[in-house]
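Single-letter residue listing:
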Amino acid sequence: MVCIRQATIDDLLAMQACNLMCLPENYQMKYYLYHMLSWPQLLFVAEDYGGRIVGYVLAKMEEDPSEPCHGHITSLAVLRSHRKLGLATKLMSAAQAAMDQVFGAEYVSLHVRRSNRAAFNLYTSTLGYQIHDIEAKYYADGEDAFDMRKPLRQPQPKKHHHHHHHHGPGGCCSHDAPPAAAAGSSPSSRLNLWRGADGHTLCFLFFFFFFELLD
Amino acid sequence: MASKFGLAGGIPERRVRPIWDAVDSRQYKAALKLCTALLAKHPTSPYVLALKALILERMGKPDEALSVSLDAKERLYSDNIFHFDDLTLSTLQIVFQRLERLDLATSCYEYACTKYPSNLELMMGLFNCYVREYSYVKQQQTAIKMYKTVGEERFLLWAICSIQLQVHFSSGGEKLLPLAEALLKKHISSHSLHEPEALALYVSILEQQAKYDAALEVLSGDMGSLLGREEDKLRLQGRLLAHASSYVAASEIYQKVLESCPDDWESFLHYIGCLLEHDVNLPKPCTGEHASPSCSVDSAMTKKSCLSEELVESRLASALSFVQRLQESNSSDCVRGPHLASIEIERQRCLNGIPNDRKLIEALVKYFSRFGHLSCSASDVATYLHMLSSDEITELLAEISGSFDASSVSVNTLGLTVTLVKVQELLGMLFTKSTAELQGIAKGLVDTFYRNLPLSNDLDPQESMYGEELLSMASSILVQLFWRTRNLGYLLEAILVLEFGLTVRKYVWQYKINLVHLYSYLGALPLAHKWYITLEVKNILLESVSHHILPQLLDSPFLQHAADLVKDYLKFMDDHLKESADLTCLAYRHRTYSKVIEFVQFKDRLQRSMQYLSAKSDSVMLQLKQKAESLEEVESILENASHGTRLVEVSNEDNMKQLTFNEDLEARPWWTPTSSVNFLSEQFDEGSTPSSYRNKMCKHKSEEKGGPKLKDAERKSLVPRLVYLSTHGCAYFLREGGRNNGSCNVTAAGEMKTLLEKYARSIGYSIDDALSIVLGMSSGKKAVKDYTPDIVSWMSFTVFINAWNLCSTESVIPATEFSSPNSWDMVDILLKICIEEQLTDGNRMLTSPGNNIPLLVRMVTEPISWHLLIIQSCMRGMAPQGKKKKKGGPSERPNTPQLLAIQSSVNRMVDTLRRVQTWLSDQMKPEEQALDVLLSYLQGTSTEGPGQISRTLDESAVTVSSEIGGRIAQSLESWSSAGVIRKILGAEKETIAEFKKICDSKLKLLMSESASLSSMLH
């Protein structure tokens, strides 16, 4: 590598090429784009001296308002030819720093396959993550995942929650519910997700898709 | 008008909820039932109607859905409507969008907004409608209206974004920049800005107007603190300063960046550029496309500085001491930037004519001694290696090989071994070695791989093995040996080495890609396809990676595989283009304004993709090829493809000029730098130098975006329409039974002429010249060989000329001194000559890779298919029609001369196809016999010639369990070279069988046509 920089959408081609060269990634492109368009500050690529993308980290902020403000690492990839150069550490540090500095995240979480010893070691010994929970059969092939976390700062009073770019009305799909959904029962807020005017539909579709992924 | 508490679209929410739940769980039948019941109670509710439309659409009933949603729209518009709310509108919007009627959705919102002019929710809905339609001006107007209504910063920024999009996508859009600036300034003076993305947008508006100082002032003011990360701000400042030609200040800023991020190579290059006062406003090469790093040259950085030599010298010296400071304070192996920087500084010295003696080589030696064990070290310095003289190269290689003990087994040693060969590979040094030397190197690499296998025994199967590159390099050398000697054994060994590697670990993508190309070349396409499938290419990779297999599949008898691949690709592209507007809405909502612009540009880039355009034609062509024996099926395929008109439209000149090429060619093996080039099909040039190969490769890569491919795509896009006009025109003409018919046919003939002119132009000729060439070829006056590269196109051209001649009111074939030749004869003879030439030239498929099967397949599946369709259509046109037959009697006289011409054509086609069949049967040998033939290539006993490596592999597989054991031993249990060879034979056989099947079905059709012809003539 050399440059760890924020990704642009044109990098998408090269980023997915990394998947080809590492292990096939099962996320749909929509999912990548959802990250890129929502939290571009958290998305970093490692660029080699020739301008080639040799690694990337894809991360997001948790959108569920019932949980404390935190980030989540969705995907991390480094080309085999560029392993053992500390790239993964640099990418992760960049994403974590942005979660903290831009969004005020309290902690960062990630999932890792139980069998992925190399990644597990990276997360625990180099990056200071700890096992928070074990999610049974998290992956499509039935393998368990470790739910790992790393604190970024002391828990903040609730007001810091989502103080990021979603402030103001209509920012995020999870709050500022318009009157129709204010009743608060779960189906009605779900109903509200279908409301397309300010794009809620997409959020819904996104979650829908996401659950499909976990099936 | 807004929904009341507990009401959804005017309907009690508890009544609607179960319907949505059913939709969510895809219980559409149940949802429809509930909805129908609700509709009985509220028969005029637009919301319930919209819901019903939505359910119908999900159930796959688009027509019903459209009519119900239009009904809902009508009711919304009627005056007595009470609940005109956003929920109804947004539901309708979803339905209209899915029905691809964005215009209807937009008009609903437009109507609502005129009715309730200051309703913010409706205006946001309308804004999103315009975003989906890419109507930037209307977006801007709506956003401004929202901004004026509520005064919120984000709506102003939506408007600014819409202006930016006009700047990027409409001519003259940059005139709007001052307006954007003024709007922002006014807002800032009263409200300032509150979001980093807003600041970035403001700065970019200023930057685009070259107001660098103003932008810098904004950054250093209060708003500058919005950029959360200090380095981001510094980089932006550095860029603005450089643009403003404040080089000293810019270089100081970049120094600061490097102090906190010593590995930031881009900033380092800017730093050097500023020190040497390079103009940063020079256009950058190939932006927005897949660049090929190995060929591209940074235009600004390779120029000589305009400063005096002394000044350059002193500035570079200060840069060097700065970089050395960085090196000292960053001792970790992970920070390579500052070390590489000192090499770049030496390069700059050379470029600026400062006598450097040995500084560059010394810097490189130093770099390798520190980082040589890393697998990226050779590619890190690739550009610099090419600057060395041959003595220096020898010295460097000696230094590297002297720095380790090659016989020891360790990760470090292995890394250095790989680097040593990789440097030679990069420099093209291997081309200068003798056959014996190369063979020794390849053997050594395989041995080293085997010796170091124990290092990888404890790794997870998904982790890459140590020294994986060794096998790629060995295989690559073996391919070169094949190219030089044409000894098939080397090619087989090149395959065996990679197959061996994949038996040890099945995830190595580089092995797979190389195998895809080797098997394709060898004529064992099913194996190539099999490995390609295991790459699990999907999503955007379909755009950038398909080129490894798609071109070969398109020219193969495996039409279904090709059709599947094209279908997957088109589905991905179509879906993405459909969905991307919704994602743009998301970016607006999440206020990531810079991404809005990037994302729309990205969509535009994909929409203009060359491969996308090409695949649209391929998709129709493949269907036609698969169904060419049934005129009815072909007609329905064409009907679904708008009779080929849309394809002709998309390949208009304007579109062709703006195409993008997104293929990632970097991963292709050296012998086939692009899909249209294969060095192995050319002669090996003994006299060429390493650098001439590099140049050749780069030339091919840059030409990929030019002529031949475009012409090919343009030509393909004409074929479906030509097939339609040919079949349609002939049938019509013959049914009318003469040359006295109406205007319909005149138009068809006129259109055919225009298309054939275009077709001829795409081969490089005017239609008249092209006509005389095909006449020359069919009369034996011109040699077919002279027109080889486009021969299939020439054949198709001739076929279409015959059709045009049939339906044209005047003879299109110029009369020769003897007579006006029959256009049927011309086709029959030309097709025969062209195909027979392939059959006599054809070598034994088994032992001659790069054979002409793909060409033959194209001849049979394209021109012959089109010709058979024309025959079928003539036959149908001339067949006595049911009713007339009963009434008609003597007035219904067969057109005997035409029938005779068709009969002779049918007979000649039968003859030609039978020859192909015979030739194909000759290729097939009993498996054991064929196996012996191929294995005999690997029996060499001397140190020269192939065979040693395959024996090494077989022996290794046997000893592995005792020497290494574990997982690797287990995976190698099944290894056998002969097994791989057997699979190759199987794949070749499958290819021939598939091709024979295609010929069979064509022959069957011809036989039945022949029978009907005889009965019609007698």
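Since the model is a prediction, treat every value here as computed from it, not as a measurement.

Draft legend 1. Seen up close, the overall build of chain B. Counting its regular elements, chain B contains 48 helices and two strands. Seen along its three principal axes, the alpha-carbon backbone of chain B occupies a region of about 105 × 95 × 60 Å. Within chain B, contacts between residues separated by at least 24 positions form 73% of all contacts whose residues are at least 6 apart in sequence. Total accessible area computed for chain B in this model is approximately 41300 Å², and 52% of it derives from carbon and sulfur atoms. Between the averaged position of the 109 positive side-chain charges in chain B and that of its 124 negative side-chain charges there is a distance of 7 Å.

Draft legend 2. Representation of the overall build of chain A within the structure. Check the secondary structure of chain A and you find six helices and seven strands. When the helices and strands of chain A are placed in sequence order, the string is β-α-α-β-β-β-α-β-α-β-β-α-α. Taken over 215 residues, chain A has a buried fraction of 60%. Counting contacts in chain A only where the partners sit at least 6 residues apart, residues at least 24 apart contribute 64% of the total. Just so you have it, chain A exposes about 8000 Å², and 54% of that area is on carbon and sulfur atoms.

Draft legend 3. Spotlight on unusual backbone geometry. All names here are of chain B. Although it is not a glycine, Tyr134 sits at a positive phi angle of roughly 55°. Within the secondary structure, Tyr134 sits in the loop between helix H7 (120-132) and helix H8 (136-150). The phi torsion at Asn539 lies on the positive side, around 50°, for a residue other than glycine. Mapped onto the secondary structure, Asn539 falls in the loop between helix H27 (525-534) and helix H28 (541-545).

Draft legend 4. Seen up close, helix H30 (residues 559-589) of chain B. Residue and element names in this part refer to chain B. With 31 residues, H30 should reach 45 Å at 1.5 Å per residue; the first-to-last C-alpha distance of 45 Å fits that figure. Along H30, the largest kink reaches about 35° and is centred on Ser580. Immediately beyond the C-terminal end of H30, within one or two residues, lies Arg591, with a positive phi of roughly 60°.

Draft legend 5. Spotlight on the pairing of strand E7 (residues 145-151) of chain A. All names here are of chain A. Across the seven residues of E7, five count as buried, placing the element largely inside the fold. The pairing of strand E6 (residues 130-135) with E7 spans five bridges and is antiparallel. Following the sheet pairing, Ile134 is matched in E7 by Phe146.

Draft legend 6. Representation of the nonpolar core. Membership of the largest hydrophobic core comes to 399 residues, with the highest contact counts inside it found for A:Ile73, A:Tyr123, B:Tyr519, B:Trp794 and B:Phe797. Ranked by residue count, the leading element in this core is H30(B), at 15 residues. Leave out the neighbours within four places in its chain, and A:Tyr123 touches A:Leu76, A:Met92, A:Leu110, A:Val112, A:Gly128, A:Tyr129 and A:Met148.

Draft legend 7. Highlighting the pattern of salt bridges. Residue and element names in this part refer to chain B. Applying the stated criterion to the full structure yields 54 salt bridges over all chains. Two residues, Lys709 and Glu663, come together in a salt bridge whose shortest N-O distance is 3.9 Å. Remark: Glu663 occurs in the loop between helix H35 (653-657) and helix H36 (690-703) and Lys709 occurs in helix H37 (residues 707-736); sequence separation between them is 46 residues. Taking the relative accessible area as the measure of exposure, Lys709 reaches 22% and is therefore partly exposed. One connected set of salt bridges, linked through shared partners, spans Asp555, Lys625, Arg858 and Glu862.

Draft legend 8. View of the packing of aromatic side chains. Residue and element names in this part refer to chain B. The final tally for this structure, using the stated rule, is 29 aromatic pairs over all chains. Ring geometry for Phe268 versus Tyr271: centroids 6.2 Å apart, planes at 50°, classification tilted. Placement of both Phe268 and Tyr271 in helix H15 (residues 265-275) is noted, with a separation of three residues, approximately one turn of the helix. By relative accessible area, which is 3% here, Phe268 ends up buried. Residue classification places Tyr271 among the buried positions, given a relative accessible area of 1%. Geometrically, the ring pair formed by Phe500 and Trp975 is edge-to-face, given 5.3 Å between the ring centres and 90° between the ring planes. Here Phe500 is found in helix H25 (residues 488-504), whereas its partner Trp975 is found in the loop between helix H47 (966-972) and helix H48 (977-1017), with 475 residues between them in sequence. We classify Trp975 as buried; its relative accessible area is 9%.

Draft legend 9. Highlighting the environment of B:Glu598. The residue B:Glu598 is located in helix H31 (residues 593-607) in this model. Residue classification places B:Glu598 among the partly exposed residues on the basis of a relative accessible area of 22%. Sequence-distant contacts of B:Glu598, defined by excluding residues within four places in its chain, comprise A:Thr8 and A:Ile9. Within polar-contact distance, the side chain of B:Glu598 engages the backbone nitrogen of A:Ile9 at 2.8 Å.

Draft legend 10. Quick look at the sheet that holds E7(A). All names here are of chain A. Strand order in the open sheet made by the seven strands is E1-E2-E3-E4-E5-E7-E6, with mixed pairing throughout. A single partner strand is all that each edge strand has here, and the edge strands are strand E1 (3-6) and E6. Taken pair by pair, the neighbouring strands of this sheet meet at an average axis angle of 25°, ignoring direction. Bridge count for strand E2 (residues 44-47) against strand E3 (residues 53-61) is four bridges, and the pairing is antiparallel. Following the sheet pairing, Val45 is matched in E3 by Tyr56.

Draft legend 11. Up close: the side chain of B:Asn352. Tracing the sequence through the fold places B:Asn352 in the loop between helix H17 (337-351) and helix H18 (359-371). Setting aside anything within four residues of it in sequence, one finds B:Asn352 in contact with B:Leu276, B:Lys304, B:Ser305, B:Glu309 and B:Val312.

Draft legend 12. Local environment of the packing of helix H42 (residues 853-878) of chain B against helix H44 (residues 896-923) of chain B. Residue and element names in this part refer to chain B. Two elements in contact, H42 and H44, have axes whose closest approach is 11 Å; the angle formed by their N-to-C orientations is 155°. The pairing of H42 with H44 is recorded here as roughly antiparallel in orientation. Our pair here, H42 against H44, has a crossing hand that is left-handed. Contacts between H42 and H44 involve Ile853, Leu856, Val860, Ile864, His867, Leu868, Ile871, Cys874, Met875 and Met878 on the former and, on the latter, Gln898, Leu899, Ile902, Ser905, Val906, Met909, Leu913, Trp919 and Leu920. Considered class by class, the residues forming the contact of H42 with H44 number 16 nonpolar, three polar and no charged.

Quick notes on the rules
Residues numbered from 1 in each chain as written. Chains lettered and ligands numbered in written order. Predicted model: local features only at pLDDT ≥ 70, side-chain atom pairs only at ≥ 80, totals over all residues. Heavy atoms only, no water. Helix = DSSP H or I, 4+ residues; strand = E, 2+ residues; numbered from the N terminus. Contact = heavy atoms within 4.5 Å. Areas by Shrake-Rupley, 256 points an atom, 1.4 Å probe, with all protein chains shown as cover. Lys, Arg positive; Asp, Glu negative; His and termini not counted. Charge placed at Lys NZ, Arg CZ, Asp CG, Glu CD. Buried < 20%, exposed > 50% of the residue type's maximum accessible area, 1.4 Å probe, protein only. Expected span 1.5 Å × (residues − 1). Bend = angle between axes of the 7 residues up to and from the residue. Pairing = 2+ DSSP bridges. Core = buried A, V, L, I, M, F, W, Y, C linked by side-chain atoms within 4.5 Å. Salt bridge = Lys/Arg side-chain N within 4 Å of Asp/Glu carboxyl O. Phe/Tyr/Trp six-rings, centres within 6.5 Å; stacked < 30°, edge-to-face > 60°. Polar contact = N/O pair within 3.5 Å; in protein donor to acceptor, adjacent residues only side chain to side chain. Axes fitted to C-alpha atoms, helices over the stretch in contact; angles between N-to-C directions. Parallel < 35°, antiparallel > 145°, perpendicular 65-115°, else oblique. Left-handed = near helix turned anticlockwise from the far one by under 90°. Nonpolar A, V, L, I, M, F, W, Y, C, P; charged D, E, K, R; others polar.

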